[in-house]
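Spelled out from the first residue to the last, the chains are:
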Amino acid sequence: MCQSLRMQHSPIRTESKAAEYAGMYFDCPEGAATVTEEAPGTPGTPVTPVTMATPKKLVKRTPTTAPSKVGTGTGTGVARKRVGSVTKVPGTPEKESLVPPVNTVAELKTFLGLLSKYAGVLAACASYNFADTLHHINLFPEPYASAGYLQGILAKAFYDEGLYTEACSTFEALRRSEPYRLDPKLMYYSSSLWQLQRDKQLAHLSQELIQMDKLSPVTQVVLGNTHSVVGEHPSAITFFQRACNIDRYHVYASALKGMEHLMLEELDDAVQAFRSSIRLDPRQYTAWHGLGAVAVKQEKWKEAAENFKRASAINPSPPLLLAYASALTEEPTPACQELALATVNRVLVHQPNHSLARLRKGEILLGMNRLHEAKEVAIGLLESCPKESKVNLLLGRVYRRMGEKIKALQYFNSALGLDPKDTPAVRYEVEKYQDGLDSGDEA
């Protein structure tokens, strides 16, 4: 390019170059005029005559062959064809297009139908509507349904719904089919592994991403989750902060950094990280959930319920709805108890076998003194989860409130044998029964 500019401003032009420009811009007989140009150097140096045409009519011509572009590295002077917005050199092989050419009306209708289905998937995923996301993905025919991008959307939908096992399975299938795809949704794969406490798989995933691109914010988030799952929270904060430094609009990394501060009881730093994430994206439900968790630590139950409500309004998934219900149960008013029960029932409508939701429903019914309903829920839950200590503890509390001492002590002992960590709670229930303090009940 520099050499080309220098040639334009040089006082000497070769005869062939002058003739070429004359042929481009003028339509006239040759040899009608002679122009002399001064050569660089000492004044008075003999000049080189250049024959040019006398202009008869100014007409712009399109050259059949473009002049070679000096400074591009080719220097061949080969004519280039314009294909769309891409310069095409004849003789080079054409790349296969990712979008098949549309030659008929039927093919055009098929292509537009695929675009419509894809728009439906994006709309359902953005609104965190799990059922609609599955419905629109199932509308795709093969091989589009098994495409890596759609599988990534499906896996994230599982994660947003709290189905971490299904999310991990879908992400693993995606990694097998496209092992070199650095999808941003792999962050949610690492978070799903974190929820399931699969530290070895997290470490393996982080090593693979480091080999692909160690400076990617996705890699930094995965490394942060890898350190967090083994309890190295300060190191996890460092990696999440690196992801924010690489991409200052990375709202998920900021929210995860707030969660790490929360685990370290650094509440002010956690609030600052959550608010930074919400400032960038008001629909970041993880940050709203984190603010609710901070309020729970501070025992500000009304503020916690408000933040959990905002999170569940954005993404009505079971974990967020149950967190909202738990905050409501801390308020002893009947209206809050009824609202908490209605929130838990929303979860059970979509997932009737959700164990945690059924347990929470039994605890709410017990707090509302609806003992027979609480007993039915606890017995049904015990059949599906017989080795869960909290279920035995709930059933023991129900029998204690009903005055059946022997059955209450039986289930208290079962809970103590299944999980010794519940020893303080069991002792409290036993002492409460022995003292005859049946007026209240703590969840």
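Please read these numbers as outputs of a predicted model, since none were measured by experiment.

Let's talk about the overall build of the protein
Piece 1. Scanning the protein for helices and strands turns up 21 helices and four strands.
Piece 2. By residue count, 38% of the 443 residues in the protein fall in the buried class.
Piece 3. Within the protein, counting contacts between residues at least 6 apart in sequence, those at least 24 apart form 50% of the total.
Piece 4. If you sum the accessible surface of the protein, you get close to 25,700 Å²; carbon and sulfur atoms cover 56% of it.

Remarks on helix H8 (residues 199-213)
Piece 1. Compared with the 21 Å implied by 1.5 Å per residue over 15 residues, the 21 Å span of H8 between its first and last C-alpha is a close match.
Piece 2. Inspection of H8 places Leu202, Leu205, Ser206 and Leu209 among the buried residues, and these make up the whole buried set. Around the axis of H8, the buried residues are gathered within 100 degrees of arc, so they sit on the same side. In this structure, H8 carries Lys200, His204 and Gln211 as exposed residues pointing more than 90 degrees from its buried face.

Digging into helix H7 (residues 186-195)
Piece 1. With respect to burial, H7 is a largely interior element, nine of its 10 residues being buried.
Piece 2. Listed in full, the buried residues belonging to H7 are Leu186, Met187, Tyr188, Tyr189, Ser190, Ser191, Ser192, Leu193 and Trp194.
Piece 3. Tucked inside the fold, the buried residues of H7 contact helix H5 (148-160), helix H6 (164-177), H8, helix H9 (217-229) and helix H11 (251-263).
Piece 4. Following H7 by one or two positions, Gln197 adopts a phi angle in the positive range, close to 60 degrees.

Some details on unusual backbone geometry
Piece 1. For the bond running from Glu142 to Pro143, omega is 5 degrees, close enough to zero to count as cis.
Piece 2. Tracing the sequence through the fold places Pro143 in the loop between helix H4 (130-138) and H5.
Piece 3. Of note, Glu265 is a non-glycine position whose phi angle comes to about 65 degrees, a positive value.
Piece 4. By secondary structure assignment, the location of Glu265 is in the loop between H11 and helix H12 (267-280).

Points about the confidence of the model for the protein
Piece 1. The share of residues in the protein with pLDDT of 70 or more is 73%, and the mean pLDDT across the chain is 79.
Piece 2. When the criterion is pLDDT under 50, residues 1-42 qualifies, and its contacts beyond four places in sequence or with other chains add up to 65 contacts.
Piece 3. This stretch, residues 437-443, has a pLDDT under 50; its non-local contacts, to residues over four places away or in other chains, come to 16 contacts.

Considering the side chain of Lys185
Piece 1. Its place among the elements puts Lys185 in the loop between H6 and H7.
Piece 2. Although buried, Lys185 forms no salt bridge, and the nearest oppositely charged side chain, Asp183, lies 4.1 Å from it.
Piece 3. Discounting chain neighbours no more than four positions away, the residues touching Lys185 are Tyr149, Gly152, Ile153, Lys156 and Phe171.

Rules used in this analysis
Residues numbered from 1 in each chain as written. Predicted model: local features only at pLDDT ≥ 70, side-chain atom pairs only at ≥ 80, totals over all residues. Heavy atoms only, no water. Helix = DSSP H or I, 4+ residues; strand = E, 2+ residues; numbered from the N terminus. Buried < 20%, exposed > 50% of the residue type's maximum accessible area, 1.4 Å probe, protein only. Contact = heavy atoms within 4.5 Å. Areas by Shrake-Rupley, 256 points an atom, 1.4 Å probe, with all protein chains shown as cover. Expected span 1.5 Å × (residues − 1). Arc of directions from axis to C-beta. pLDDT = per-residue confidence, 0-100. Lys, Arg positive; Asp, Glu negative; His and termini not counted. Salt bridge = Lys/Arg side-chain N within 4 Å of Asp/Glu carboxyl O.

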